[in-house]
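Understanding the architecture of this molecule
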Amino acid sequence: MSKAIGFLHHSREVPGERPLVERVGDWQPIQLHLPEERLQTQAMRCMDCGIPFCHQGRVLNGMSTGCPIHNLIPEWNDLVYRGLWHEAYQRLEKTNNFPEFTGLVCPAPCEASCTLGITSPPVTIKPIEYAIIEKAWAEGWVRPQLPPQRTGQKVAVIGSGPAGLACADQLNRVGHSVTVYERADRIGGLLMVGIPNMKLDKRIVQRRVDLLREAGITFVTNVEIGRDVGVDGLRDEYGAVVLCVGATRPRDLAIPGRHLSGIHWAMSFLQASTHHLLNGEPLPADHPLSAAGKDVIVIGGGDTGTDCVATALRHGCTSLTQLEIMTRPPDHRAADNPWPQWPRTYKLDYGQAEAQARFGQDPRAYGVMSTRFIGDERGRLRGLETVMVEQIGQNGRTEFYPIAGTEQERPAQLILLALGFLGPENPLLAQLGVNLDERHNIQAGEPDYATNVPGIFAAGDARRGQSLVVWAIREGRGAARAVDQFLMGETDLP
Ligand SMILES: Cc1cc2nc3c(=O)[nH]c(=O)nc-3n(C[C@H](O)[C@H](O)[C@H](O)COP(=O)(O)OP(=O)(O)OC[C@H]3O[C@@H](n4cnc5c(N)ncnc54)[C@H](O)[C@@H]3O)c2cc1C
Ligand code: SF4
């Protein structure tokens, strides 16, 4: 096993990122990578503790703790430390269909629950995961997983995000003929047109999609099931249907002035930007969704808001503010948020760090409520009226009370709404007669992922609500196992 006291001799080292001021001038990936030998030293810091929490994958206090797909982290850390990269890849491949995605964009709940983290900086897990898979691609170890024989069973997967792709990959491996339907013009879901290119290079997504196609999965783009193709025909043709349609219905902000031009959904902004890049040129500065030369306000302090901040900077915005109604999180774990829970602490994410480098300060303002969009006589957005709020938790609910005298008018010609998502937005679900849960997501349990309609399964954000790539992979794998069991009466899928 790994040198058990490696952590006493070596400090945590992370690969770091490209310089802030340089990278906001382009759309290239921000991540840097450590050479192999230094990663082997980092892997040596894993002490192979008796009860590792890093791979447990549970929800504690409403947040992810440990790796949701149960990556065999201590095992591949030991193999990397010993220079056995091929064996490390074989271990990683057992649990994760797409380590190159998680190795770049996962928030790494594994590291937050690393036992070493109780007293010292945790093991550098995520960069090691990425290094293993990139070495595997470079060495030609990543091959299409063709099944030994076909079962004669056909499965339709609706939606090509990480849940749909993981589900299709697993089902194809055991011999089912899988067709993935996608309403967009490209495969990948939010991997392709949600997460910006500087966080996840689209060539990396396409490389994996090409491999899945080589393995025998059929992809159909530009087809919205329920609109372009009826659900009845689909059910006749396929033995099972898996709904991996995501949860992209955005939460609105119904305050006066909502009709003004210049107020947009965060996803429309991000998608327009990525679509133009994929088609070979950045969004033109005179496009209504461009932030170029504008005072931009992003309402919503989450990850989608952060991606809007980073994208607006690259468009060349004049000023940038990100508003968050909640109070600023503490710098260190609060007493009710102990290890191994996900730490709810203040972090300067990549977009805010870039904005700070560009404008001299963190763009986020906490404890701020938006009260009115302000327009000019031609119906164009001119600004936003806000007030500071006091946050009070009462009877398990959080309530916000305006603080008199803190009203403020902020200039803005572009406002982006990044207030979270309210479940799937699909007419398809009503057509199928699929039940929704109280949060408007598709009702289907674990581990059977079955909806109330026989033969129809659901996985990913559509079932769980807007979440993480790693959870979508877990759900896709779980649904594949359930479908295999449904079709064959037994399953060997993990
Ligand atoms: C802006 C943004 C940034 C994010 N950044 C991160 C990050 O850094 N790290 C991370 O771990 N997670 C991140 N996430 C979350 C992560 O992307 C999602 O949790 C994940 O993509 C969900 O996967 P999914 O397969 O369930 O759904 P999706 O990726 O949403 O894919 C669903 C697909 O279904 C298609 N579809 C829907 N209805 C139909 C239909 N009727 N017919 C055909 N196709 C249909 C959609 O077009 C879409 O392509 C981010 C999310 C957003 C919005
Ligand atoms: S998928 Fe995420 S949680 Fe799992 S090992 Fe990789 S970085 Fe950690």
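Residues numbered from 1 in each chain as written. Chains lettered and ligands numbered in written order. Predicted model: local features only at pLDDT ≥ 70, side-chain atom pairs only at ≥ 80, totals over all residues. Heavy atoms only, no water.

Brief notes about the domain arrangement of the protein chain
By a frequent convention, interface size equals the accessible area lost on bringing the separate parts together. What counts here: A domain assignment, automatic or from a database, supplies the domain bounds used here. The contact definition used throughout considers only heavy atoms, calling two residues in contact when any of these lie within 4.5 Å. Buried area, as used here, totals the accessible surface that two parts lose on assembly, with accessibility defined by a 1.4 Å probe and the loss added over both. Salt bridges are defined by distance alone: a side-chain nitrogen of Lys or Arg within 4 Å of a carboxyl oxygen of Asp or Glu. Two N or O atoms form a polar contact when they lie within 3.5 Å of each other; inside protein one atom must be a possible hydrogen donor and the other a possible acceptor, and for residues adjacent in sequence the pair counts only when both atoms belong to side chains. In this text, helices come from DSSP runs of H or I with a minimum length of four residues, and strands from runs of E with a minimum of two, each type numbered from the N-terminal end.
Along its sequence, the protein chain is carved into domain 1 (6–139), domain 2 (154–248 + 422–488) and domain 3 (263–417). The C-alpha-based centres of domain 1 and domain 3 are spaced at 30 Å. Taken together, the contacts link 22 residues of domain 1 with 19 residues of domain 3. Buried area between domain 1 and domain 3, summed over both chains or domains, comes out near 1800 Å², and the portion from carbon and sulfur atoms is 70%. Linking domain 1 to domain 3 there are one salt bridge. Between E354 and R23 there is a salt bridge, with the nearest N and O atoms lying 2.6 Å from each other. Viewed at the interface, domain 3 and domain 1 are joined by nine residue pairs in polar contact (both at pLDDT 80 or more). Contributions of two or more residues to the side of domain 1 that touches domain 3 are made by α2 (20–23), β2 (63–65) and α7 (109–112).

Some words on the sheet that holds strand β6 (residues 240–243)
Neighbouring strands of a sheet are bound in pairs by backbone hydrogen bonds; such pairs are parallel or else antiparallel. Definition in use: When DSSP locates at least two bridges between a pair of strands, those strands are taken to pair. With axes taken as lines fitted to C-alpha atoms, and helix axes fitted only over the stretch in contact, angles between N-to-C directions fall between 0 and 180 degrees.
Within the open sheet, the five strands sit side by side as β5-β4-β3-β6-β16. Their pairing is parallel. Looking at strand neighbours, the two that pair on one side only are β5 (218–220) and β16 (456–458), the edges of this open sheet. Geometrically, the sheet is characterised by an average inter-axis angle of 20° between neighbouring strands, direction not taken into account. Where strand β3 (residues 154–158) lies against β6, four bridges are found, and the strand directions are parallel. Paired with A156 across the strands is V241, a residue of β6. Relative to β6, helix α18 (residues 469–488) is tilted by about 165°, and along the sheet it contacts β3, β6 and β16.

Brief notes about the site of ligand 1
Spelled out, the test is: Any residue with a heavy atom positioned within 4 Å of a molecule or strand is treated as near that molecule or strand. The Shrake-Rupley method, run with a 1.4 Å probe sphere, supplies the accessible areas, and residue values consider only the shown protein chains as cover. For this scheme, ten residues count as nonpolar: Ala, Val, Leu, Ile, Met, Phe, Trp, Tyr, Cys and Pro. Four count as charged, namely Asp, Glu, Lys and Arg, and the remainder, Gly too, count as polar.
Near ligand 1 there are 35 residues, and of these V105, E182, K199, D461 and V469 occur at the shortest range. Within the backbone of P162, an N or O atom sits 3.3 Å from an oxygen atom of ligand 1. In the environment of ligand 1, an oxygen atom lies 2.6 Å from a nitrogen or oxygen atom belonging to the side chain of E182. About the coverage of ligand 1: the protein hides 96% of its 1000 Å² of free accessible area. Class assignment for the residues of the shell around ligand 1 results in 18 nonpolar, eleven polar and six charged. Both domains that furnish three or more residues to the shell around ligand 1 are identified here as domain 2 (154–248 + 422–488) and domain 3 (263–417).

Section: the environment of G383
Along the polypeptide, G383 turns up in strand β12 (residues 381–394). Separated by 155 residues in sequence, G383 and D228 have C-alpha atoms that sit 40 Å apart.

Details of the pattern of salt bridges
Applicable threshold: Type-normalised accessible area, obtained with a 1.4 Å probe on protein chains alone, sets the label of each residue: buried when under 20%, exposed when over 50%, and partly exposed for intermediate values.
Taken as a whole and assessed by the stated rule, the structure comprises 33 salt bridges. Close ionic contact of R227 with D228 constitutes a salt bridge, the shortest N to O distance being 3.3 Å. The exposed category is assigned to R227, whose relative accessible area is 60%. Judged by its relative accessible area of 41%, D228 is partly exposed. Linking E446 and R474 is a salt bridge whose minimum nitrogen-to-oxygen distance equals 3.5 Å.

Side note on the nonpolar core
Which entries qualify depends on this criterion: The set of buried Ala, Val, Leu, Ile, Met, Phe, Trp, Tyr and Cys residues whose side-chain atoms join them within 4.5 Å is what this entry labels a nonpolar core.
With 74 residues, the main nonpolar core has I132, L200 and V242 as its most contacted residues. In terms of residue count, α18 provides more of this core than any other element does, ten residues in total. Taken together, domain 1 (6–139) and domain 2 (154–248 + 422–488) each give at least three residues to this core, which thus spans both. Beyond its immediate stretch of four places on either side in the chain, I132 contacts W76, V80, W85, A88, Y89 and L92. A272, C308, L313 and L416 belong to the second-largest nonpolar core, a separate cluster that totals 22 residues.

Topic: the site of ligand 2
All residues adjacent to ligand 2 are C67, N71, I73, T102, C106, A108, P109, C110, K126, E129 and V470. Split by residue class, the shell around ligand 2 holds seven nonpolar, two polar and two charged.

Some points on the environment of E324
Within the secondary structure, E324 is located in strand β9 (residues 319–324). Measuring from C-alpha to C-alpha, the distance between E324 and F486 comes to 45 Å, with 162 residues separating the pair along the chain. Ignoring sequence-local partners within four residues, the contact set of E324 consists of G300, G301, G302, A365, Y366, G367 and V368.

Here we look at the packing of aromatic side chains
For any pair of aromatic rings, geometry is given as the distance between the ring centres together with the angle between the planes. So the rule is basically this: Side-chain rings of Phe, Tyr and Trp, where Trp is taken by its six-membered ring, are said to pair if the distance between their centres is within 6.5 Å; with planes under 30 degrees apart they count as stacked, over 60 as edge-to-face, and otherwise as tilted. Definition used: whenever NZ (Lys) or CZ (Arg) falls within 6 Å of the ring centre and also within 35 degrees of the ring normal, the charge is taken to sit over that ring.
Applying the stated criterion across every chain yields a total of four aromatic pairs. Summarising the aromatic geometry, the rings of F98 and F101 are spaced 5.3 Å apart at their centres and angled 35° between planes, so their arrangement reads as tilted. What makes F98 buried here is its relative accessible area of 0%. In this structure F101 comes out as buried when scored by relative accessible area, which is 0%. Ring centres 5.4 Å apart and planes at 70° place the aromatic pair F457 and F486 in the edge-to-face group. One end of the pair, F457, is in strand β16; the other, F486, is in helix α18, and 29 residues separate them in sequence. Stacked on the ring of Y346, the Lys or Arg R328 has its end atom at 3.8 Å from the ring centre.

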